[in-house]
Amino acid sequence: VNTRNHPLEIPPPSGKDWPKEEEENFFLLDPDRKRDVLPQPFRMINKLVMQVFESAVEIIEKREMLREAQKQKVQPIKCFPTAEFQVTERANCLAVSGEYVFVGLPVGLAAFNRCDFKDVCAWDAAKTEICAVHASDLGNQCHVLLAVDEMGLAWLLCFHKESFLLIKILNEVEDISQRSPCVEVVLSRGGDYAGILLQGNTKAWLEIYQLPKDSWLAEMEKNAEAAEELELACSERRSSCSSVVGTFLLQELPVSAIQADVKLDPPVLLLTVRPPKPITGTSFKGPLDALKEVDDGSMLGLGYNHLIKDSQWELQEAIFCSTYQEYLEAEGVTKEEIPRYATFHFLLPCRILMGPEVEVQPDIPVGIGVHWDGNHNFCLYLLNHSLKDKAGSDLKPDVVWPCAAPIACSAVSSCSRYLALAGEDATITIWDKHLGYPLSVTAILEERFIRSIHFL
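Before going into details, it helps to say that this report is about the structure given with it. Predicted, not measured: the structure shown is a model, and the values here were computed from it. (Residues numbered from 1 in each chain as written. Predicted model: local features only at pLDDT ≥ 70, side-chain atom pairs only at ≥ 80, totals over all residues. Heavy atoms only, no water.)

Judged by pairing direction, the sheet is antiparallel, and its four strands sit side by side in the order β5-β6-β7-β8 without closing on themselves. In the strand order of this sheet, the two ends are held by β5 (130–139) and β8 (164–169), each with one partner. Neighbouring strand axes in the sheet, compared pairwise and without regard to direction, differ in orientation by 25° on average. Examined bridge by bridge, strand β7 (residues 154–160) and β8 share five bridges and lie antiparallel to one another. Within β8, the residue paired with Phe159 across the bridge is Phe164. (Pairing = 2+ DSSP bridges. Helix = DSSP H or I, 4+ residues; strand = E, 2+ residues; numbered from the N terminus. Axes fitted to C-alpha atoms, helices over the stretch in contact; angles between N-to-C directions.)

As structure tokens, this is what we get:
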């Protein structure tokens, strides 16, 4: 029998029984390294070395990712000029049409051949500086040019067989004080239509012209045949003539005859588009006019206060401005101004404009798309309005595309099917004009203003 001589006591705790930091996660440790634990000073050094090693590996991985991303980038191709042509004066602008390059100079225009880069001819009859020029190929070696000079005059010219011919100054008036300068010109592809944006003292408007290019081509061809016959006759006379003076006169005769005989038809004004008016009060002159339009017999009211008219809006605005004038001046609140700049495009046929049953030529524009500065709407106008519609004071758009924010800029694809609208809220919307609904909406970063947009 075993007997205990001393009473049962609880043994004191010892350091061996205390849990260590490494033993808390013992199930994560490698069993083979259970007895290879370093003492405290070496464990700290090991930890620091491992941190340095891990940070070095992260730096190496980042550099490798950057190197791979750099390899995947497309290296831009450096393009060097293959040829050059010398311009006698400073070049303000240029336009390319067919085999020719038209350059706007401080005095007139110059035409260069793209094949041999030689100066073909120059036009300086007006002695004015050309600031912008647009050109379009009409075919049969004939080109139409629309240029704007420093005074805001829009010059419509024709270039045929290495010679310029002035057709008309579109915004020319007898009284210079009544002249409205041109700030923007657009030529449609193919030279069927031309548009100019004019600015007056307090207003702006668009003028759309139809160019009779068929009659121009017929007249040019007719005069070219006459010139060839005249030149042939002159060459026969030169062969039988021995006088130097007579030869000089016969050589000058065909050129002067050609310039005198060419008479081209002027363009036809189709549309005059003005900024849309803001929506205000009712258009009825009185309550009785409004009551006549009601079909269900309901009563709208007999007093003038039941309907808001334009005069009441103006009176209310005048009272508000006179009452809070000092606060409006402090805050810098100004009256809304009429838009003075517009962006417009010539549009090819589509279902939205013409409908599926109308037969038109696919390469000739049938309408224009316009948006004014600070306006939410993109307006579409048909180019085949009747004389009755043109006689009205304000031409109303045929189709209106509203946007959530004011339109900052716009672009039309080369096929004229897709329309890109960029708003002042940095949102780009791509519309399908054939189907009439948006294809995509992209929001750019905040506090970004889109100034221009283009299709590639």
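In terms of residue burial, strand β10 (residues 193–199) counts as a mostly covered element, since seven of its seven residues are buried. Neither face of β10 is open: one carries Tyr193, Gly195, Leu197 and Gln199, the other Ala194, Ile196 and Leu198, and all of them are buried. Bridge analysis of strand β9 (residues 182–187) against β10 gives five bridges, and the strand direction is antiparallel. In the sheet register, Leu187 faces β10, and the bridge partner there is Ala194. The hairpin formed by β9 and β10 contains five residues between the paired strands, and Gly190 there has a positive phi angle of roughly 100°. Where β10 lies against strand β11 (residues 204–210), seven bridges are found, and the strand directions are antiparallel. Bridging from a neighbouring strand, Leu197 pairs with Leu206 of β11. In textbook terms, the turn of a hairpin is the stretch between consecutive antiparallel strands, and for β10 and β11 this stretch comprises four residues. (Buried < 20%, exposed > 50% of the residue type's maximum accessible area, 1.4 Å probe, protein only.)

Looking now at the sheet that holds strand β15 (residues 377–382). Read across the open sheet, the four strands follow the order β13-β14-β15-β16; overall the sheet is antiparallel. With partners counted over all chains shown, the strands left at the sheet margins are β13 (342–347) and β16 (399–402), one partner each. Ignoring strand direction, the axes of neighbouring strands in this sheet form an average angle of 20°. As defined by bridge partners, β13 adjoins strand β14 (residues 367–372) across six bridges and the pair is classed as antiparallel. Bridge pairing in β14 places Ala342 opposite Trp372.

One finds Leu146, Leu156, Ile196 and Trp216 to be the most contacted residues of the largest nonpolar core, which totals 24 residues. Contributing elements (two or more residues each) for this core: β6 (142–149), β7, β9, β10, β11 and α3 (213–240). Counting residues per element, this core draws most heavily on β6, at four residues. (Core = buried A, V, L, I, M, F, W, Y, C linked by side-chain atoms within 4.5 Å.)

With that out of the way, let us pick up unusual backbone geometry. Note on backbone geometry: most residues besides glycine have negative phi, and most peptide bonds are trans. Located in the positive-phi region is Lys127, a residue other than glycine, with phi close to 55°. Mapped onto the secondary structure, Lys127 falls in the loop between β4 (119–123) and β5. A residue is classified by how much of its surface remains accessible, and Lys127, at 60% relative accessible area, is exposed.

So, about the packing of aromatic side chains. Here the structure, examined in full by the defined rule, presents eight aromatic pairs. Between Phe102 and Phe159, the ring centres sit 5.1 Å apart and the planes meet at 80°, which makes this aromatic pair edge-to-face. Of this pair, Phe102 sits in strand β2 (residues 100–104) while Phe159 sits in strand β7, and the two are 57 residues apart along the sequence. Across the pair, exposure class does not vary: Phe102 and Phe159 are buried alike. Relative to Phe346, the ring of Tyr193 has its centre 6.2 Å away and its plane inclined at 20°; by these criteria the two rings are stacked. Note that Tyr193 is positioned in strand β10 and Phe346 in strand β13, a separation of 153 residues in sequence. A connected cluster of aromatic rings, assembled from ring pairs, spans Tyr100, Phe102, Phe159 and Phe164. Above the ring of Trp205, the side-chain terminus of Lys203 is found at 5.8 Å from the ring centroid. (Phe/Tyr/Trp six-rings, centres within 6.5 Å; stacked < 30°, edge-to-face > 60°. Lys NZ or Arg CZ within 6 Å of the ring centre and 35° of its normal.)

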